[in-house]
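Single-letter residue listing:
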Amino acid sequence: MHFPRRLAVIALALAAPLAALAQAPIVIKFSHVVAGDTPKGKAADFFAKRAAELTGGKVKVEVYANSTLYKDKEEMEALQLGAVQMLAPSLAKFGPLGAKEFEVFDLPFIFDNYAELHKVTQGPVGKMLLSKLEARGIQGLAFWDNGFKSFSANKPLASPADFKGLKMRIQSSKVLEAQMRSLGALPQVMAFSEVYQALQTGVVDGTENPHSNLFTQKMHEVQKHVTVSDHGYLGYAVITNKKFWDGLPADVRGQLDKAMAEAAAFANKIAKEDNDGALEKVKASGKSTVTVLTPAQRLELKKTMVKAHTEMASRIGQDIINAVYKETGFDPAKL
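Residues numbered from 1 in each chain as written. Predicted model: local features only at pLDDT ≥ 70, side-chain atom pairs only at ≥ 80, totals over all residues. Heavy atoms only, no water.

Considering the nonpolar core
Here's step 1: Counting 40 residues, the largest nonpolar core has Phe94, Phe102, Val104, Phe105, Phe111 and Ile239 as its most contacted members.
Here's step 2: Those elements that place two or more of their residues in this core are helix H3 (75-81), helix H4 (114-121), helix H5 (124-131), strand E4 (138-148), helix H6 (174-182), strand E10 (233-241), helix H12 (307-316) and helix H13 (318-328). (Core = buried A, V, L, I, M, F, W, Y, C linked by side-chain atoms within 4.5 Å. Buried < 20%, exposed > 50% of the residue type's maximum accessible area, 1.4 Å probe, protein only. Helix = DSSP H or I, 4+ residues; strand = E, 2+ residues; numbered from the N terminus.)

Considerations on the sheet that holds strand E8 (residues 207-209)
Here's step 1: Spatial strand order, E8-E5-E9-E11: four strands in an open sheet with mixed pairing. Either end of the sheet is taken by a strand with one partner, and the two such strands are E8 and strand E11 (289-292). The average undirected angle you get between the axes of adjacent strands in this sheet is 25°.
Here's step 2: As judged from the three bridges shared by strand E5 (residues 150-153) and E8, these two strands associate in the antiparallel manner. Each residue of the ladder has a partner; that of serine 150, found in E8, is asparagine 209. (Pairing = 2+ DSSP bridges. Axes fitted to C-alpha atoms, helices over the stretch in contact; angles between N-to-C directions.)

A closer look at the pairing of strand E7 (residues 186-189)
Here's step 1: Taken together, the four bridges between strand E6 (residues 167-170) and E7 define a ladder with parallel strand orientation. Its bridge partner lying in E7, lysine 167 is registered against leucine 186.
Here's step 2: Tracing the backbone out of E6, into H6 and back to the parallel element E7 gives a crossover that is right-handed. (Right-handed = clockwise from strand over helix to strand, strands pointing away.)

Quick word on the sheet that holds strand E3 (residues 86-87)
Here's step 1: The sheet built from five strands is open, its strands ordered E2-E1-E3-E10-E4 with mixed pairing. Strands at the two margins of the open sheet, each flanked by one partner only, are strand E2 (59-64) and E4.
Here's step 2: Across two bridges, the pairing between strand E1 (residues 26-31) and E3 is parallel. Across the sheet, the residue bridging to serine 31 is leucine 87, located in E3.
Here's step 3: Helix-sheet contacts for helix H2 (residues 39-54) involve E1, E2, E3, E4 and E10, and the interaxial angle to E2 is about 165°.
Here's step 4: Together, E1, E2, E3, E4 and E10 form the strand contacts of helix H10 (residues 250-285), whose direction differs from that of E4 by roughly 15°. (Contact = heavy atoms within 4.5 Å.)

Digging into the packing of H6 against H12
Here's step 1: For the pair H6 and H12, interaxial distance at closest approach is 9 Å and the crossing angle is 155°. As summarised for this structure, H6 and H12 are arranged roughly antiparallel, according to the angle between their axes. In terms of crossing hand, the pair formed by H6 and H12 is right-handed. In this structure, H6 contributes Lys174, Val175, Ala178, Gln179, Arg181 and Ser182 to the contact, and H12 contributes Lys307, Ala308, Glu311, Met312, Arg315 and Ile316. (Parallel < 35°, antiparallel > 145°, perpendicular 65-115°, else oblique. Left-handed = near helix turned anticlockwise from the far one by under 90°.)

Considering the pairing of E10
Here's step 1: The buried fraction of E10 amounts to nine of the nine residues, a majority that puts the element mostly inside the structure.
Here's step 2: Residues Tyr233, Gly235, Ala237, Ile239 and Asn241 point to one face of E10 and Leu234, Tyr236, Val238 and Thr240 to the other, with burial holding for every one of them.
Here's step 3: Sheet topology note: the E3/E10 ladder contains two bridges and is antiparallel. By the bridge assignment, methionine 86 is partnered in E10 with threonine 240.

Structural notes on the packing of H4 against H13
What describes two packed helices is the angle between their axes and the distance between those same axes.
Here's step 1: Interaxial distance between H4 and H13 falls to 9 Å at its minimum, and their mutual angle equals 130°. Overall, the two elements H4 and H13 adopt an arrangement that is oblique. Our pair here, H4 against H13, has a crossing hand that is right-handed. Contacts between H4 and H13 involve Glu116, Lys119 and Val120 from the first element and Val324, Glu327 and Thr328 from the second.
Here's step 2: Here the contact of H4 with H13 is composed, by residue class, of two nonpolar, one polar and three charged. (Nonpolar A, V, L, I, M, F, W, Y, C, P; charged D, E, K, R; others polar.)

Printed below as a string of structure tokens:
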């Protein structure tokens, strides 16, 4: 008589931790290398909030900002190993991984405005590029804008001649190297977290950044001049470990897709607002003189820097470059 009751008690005791386990949320560690108050930082937090809401708490996204979990040199390997589940690396990071097609985004002056850019990132060319990552164990989820880049240095930069001999910090990208060399500058590859100190100590003379990165990292405090050139685009691809993503329940994956679509729309909206606001704050600080290029000055830079398109065609793939030209209407022969 007592034996079955004892078995029932044991069964209940075993079931309790299993029930708790079933209710434990799926944890997604989302690592990024910029400040929490940048467009990427805010969009990551927005995604975490919407993921929790749309999945009814089944998913918990833990956001690690400002390289607190991994620096930008380490995070891609951590994702492939499954130590972190989600990243939003800048598009320049995919070239070193072997997906050289992504370096099309680094080409100077390939996009003149956000409308041209979004034809690519939100259209078939963007989808095709994200699919290239699957062979590397990575699932591409979305493109997020940061913004168009400005140059900064301790001297005014208004014409190609002004760049000659300057040590300019870049992300690791052969295309950005070619871009700086086309101006006669000396490209210096350096981790984002090290740039402020390098500018402060004169290890490098200048750099390129969207205004939100320039301002939040206080680079304007150690650079006397900022040139609004909009010469290049800095964006991110939100990616996840493919094995992890494929292993999620289908309903959860659908809810996370919806959260990501909302986060992408939010990211792109605030990226423009934040960059415009950051530029005003840089001006108000009085620490940097801000120069906006005239159309003629911008065209002179464009004619000089577009050499990088031809030089990098064999690396990126002329077909990818042509696909982007087709979407945007850009024709270097007409400059």
